[in-house]
Structure formats: C-alpha cells, structure tokens
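Remarks on the overall topology
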Amino acid sequence: MSKIDPACIVNSHTEWDPLEEVIVGRVDDATIPEWHVSGKAVWPAKHWGMYKEHAGESFPRELVMKASEELDNFSQVLEMEGVTVRRPEVRPGDFDRPVSTPDFESVSQLYAAMPRDVLITIGNEIIEAPMAWRSRFFEYRPFRSLIKDYFRQGGGWTAAPKPEMSDDLYVPEDKWQEGAGKFVTTEYEPVFDAAEFTRMGRDIFVQRSQVTNDFGIEWMRRHLGDEYQIHVLDFEDKNAMHIDGTFIPLGPGKVLVNPKRPCITGNHKSFFTYQGETKEYALPDMFKGWDIFVAESPVLPESHPLYFTSPWTASCNVLLLDEKRVVCEASEEPTIRKFKEWGFDVIKVPFRHFLPFGGSFHCATCDVRRTGTLQSYF
Ligand code: ABU
C-alpha cells in the first residue's frame, strides 16, 4: 500500500493530471554564464563568442524585459485557468557575481527562469537536482523560500547530493569531441538536471545526456525505490540535454515525439516521414498500442537568438493543464493546428522572447500539485 497522500500540498505523478499549483520561473537579472566545455557540448556554435567575451554581463536587457513580461502574462493565463501560481524570489546580486567553492570558480551564475531544470516533484516530494553546470550550482536558492513553505505545510523535500564540480566531472576541452553517445560529463559523481526525467506514474523515463550521467540516474533510481521503475531511453541527439524537448507524455497512451531526435531504444517501431525521409522510431515494447504523435517543425525564424537550445522547444516544450488543455506558443500555427486535430483545447500564449533563454512553457514551470494518485499506465 502506497504511503503517498493525494491530499498533500505537494502531489504530482504525471505530466498530464489536472494542474492545481505550479511554480513559474523569473528571468530577471539573467546573466551570461562563463565559457566552459559543459556548455560547448550543447550551446549553438553561433553564440560561443558571446560566452567567451561577455560572461558575467546581462543578457540583452530589452530581451530580458520582454521575456519577463511574457512570464507575467503566462502566469496570469494559468491563474485564469484556475491554477495557483507561485514565483521564486530573485534578489539583487543573485546571478551577476562570481562563485567560488573549494573545487571550482565561476565568474557568474545564470537565472531562476527554469524551475523544471532544478526541481522535480515526484509524488509528495520536491527533489532539488544536482545540476551539472557550475553556473547553476546555487540555482536552488531563489526557490528555497517556496520549498520551505511547502515543507512546513507537509510536503516532502530532498536535496540530492551537491556535486563537487571539480575538473574531474568534465572531459577536458582539448579532449572533448562532439558525437552521438559522447558525453562531456564523466561518472565522477552523480549529476542530473530535473528536466531529464519525465513522469508517467510508476514509470519514469530519462536519457543519459550532456548534463545527466548514469551515476545521477542510479541515485534517482535508488532514492525512489521499488514503487517506481526508471527507464533509460536513447535518442539520436548529440547535444542531448533535457528530455522535455524530445519525448513529451501527453496522457495515458499518448506521447509527443521530436522527429529530429528519433528514439533508438527498443523493438516497438513506428515510422513517419520527416523532411522527405522515412524515419524509424524505436521504443521499448511497453509502448505497444500507444499513439505516437509527431511534433510539427517549429516556425521560429533562423535569425531568432537561441542561446542555449535548438528551436524545437518552440513546438515540443508544451505544458498540459490536464488531458485536454495544452499551452502552446502563440506563433506556432502548425503546432496549434496539429494539437487541435489531435483533440486538444489549445491555449495560445506568446513566448518568443522567453525562448532564447533555453526553454518554453514546460521548462519555465515546475508542478507542485496535480490532482491524482500514483498509477501504472503500462
Ligand atoms: N529543456 C530544454 C530542452 C532543450 C531542447 O530540447 O533543445
């Protein structure tokens, strides 16, 4: 018999149960992190010069301001849909000052824009992730007053072991080579970003990536224990970082997939055409009978600045308010049309100025409570 209490202030088991309470990030004071091999493994090459020359400076202020307005508007939309929204606390100097520990120094920190990267709610517990970038070592801090408040009200709270982040955690830059299955993080100690895990009740899916190592996945497996099964999926993605732009659960028996990053894990194969080519999508057998929805290509112009990620977050990184309602980026017309064809009610929210910071609606949030109980969907 599970000890999980569905009436707890912290309670979330899937990406699709009805959303009751959520944390929405803040992009205020977002600061350019320093150049490091862990970023080189994922950041688009056209922005490398910015990291090398402007670390410690603000991202373009006008962009930060517009992104911040979009987050405020998104929060209001969620509230109008009946969701309670909480926001982190950003204090002056949180990000634009150097970090120094016995193991490393970094000229700056980053932001509190992406709660999904640093926090994950599993059942009645909020887990703080042991993130892999030095610039994100203290990223839990703007969220601590919220987490303490949830803890006081009965929520569970665990901080995974803080990584040392010495040079031993990273492949040195002169040895680093990009390629499928090549990772910049070693197995020196457990690291993961919370957005690497996606939840479908008792089954949780994760990928080994540039920021999540096998040691980190094993930590999560042992921490969660026998009530959960952790499944590792492999995708064709040499810059892999976070599963929520690649493989997105939409409800029991439904998953959204990124056609540019096919899954290469199992024997349950589906086929689709992408840019004139037939692509194979190979999931574990447990997905037999599931609907595989193929994401539409994003319409974001090539010239749009994306400092951290590919444009696919614009079409894939959606937020479900329940099994019917989905929040999509307002300019992504093909994505909106597809979701309507698939039977969803689409809530259109403008988010183009936020996208440059590395994610969309899923990344910018962290579930605190969704109505529901722990179930098996397979
Ligand atoms: N959480 C951000 C996902 C990044 C990407 O898929 O490009």
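The rules we used
Residues numbered from 1 in each chain as written. Predicted model: local features only at pLDDT ≥ 70, side-chain atom pairs only at ≥ 80, totals over all residues. Heavy atoms only, no water. UniProt positions renumbered as here; feature names shortened; annotations may be inferred. Near = heavy atom within 4 Å. Polar contact = N/O pair within 3.5 Å; in protein donor to acceptor, adjacent residues only side chain to side chain. Areas by Shrake-Rupley, 256 points an atom, 1.4 Å probe, with all protein chains shown as cover. 1 Å grid on protein atoms, 1.4 Å probe; cavity = no way out; pocket = protein on both sides within 12 Å on 5 of 7 lines; lining within 4 Å. Sits in = over half its atoms within 2 Å of the grid points. Nonpolar A, V, L, I, M, F, W, Y, C, P; charged D, E, K, R; others polar. Salt bridge = Lys/Arg side-chain N within 4 Å of Asp/Glu carboxyl O. Helix = DSSP H or I, 4+ residues; strand = E, 2+ residues; numbered from the N terminus. Buried < 20%, exposed > 50% of the residue type's maximum accessible area, 1.4 Å probe, protein only.

In the annotation of an unreviewed UniProt entry, the chain is listed under the name Glycine amidinotransferase, mitochondrial and assigned to Ectocarpus siliculosus. Under the heading Sequence similarities (unreviewed entry), UniProt records this for the chain: "Belongs to the amidinotransferase family." UniProt, in its Pathway (unreviewed entry) section for the chain, records the words "Amine and polyamine biosynthesis; creatine biosynthesis; creatine from L-arginine and glycine: step 1/2."

Before going further, it helps to examine the site of the ligand. Every residue near the ligand is listed here: Met 241, His 242, Asp 244, Gly 245, Arg 261, Thr 309, Ser 310, Thr 313, Gly 358 and Cys 363. A distance of 2.8 Å separates a nitrogen atom of the ligand from a polar side-chain atom of Asp 244. Contacts to the ligand include Arg 261, whose side-chain N or O atom sits 2.8 Å from an oxygen atom. Its free accessible area being 250 Å², the ligand has 95% of it covered by the protein chains. Using a 2 Å cut-off from the grid points, one finds that the ligand occupies the largest pocket. Here the residues of the shell around the ligand sort into two nonpolar, six polar and two charged.

In this section: the pattern of salt bridges. Taken as a whole and assessed by the stated rule, the structure comprises 28 salt bridges. Between Arg 199 and Asp 367 there is a salt bridge, and its shortest N-O distance comes to 2.7 Å. Here Arg 199 is found in strand β8 (residues 197-200), whereas its partner Asp 367 is found in strand β19 (residues 365-370), with 168 residues between them in sequence. The same class applies to Arg 199 and to Asp 367, which are both buried. The shortest N-O distance in the salt bridge between Asp 367 and Arg 370 comes to 2.5 Å. Neither residue differs from the other here; Asp 367 and Arg 370 are each classed as buried.

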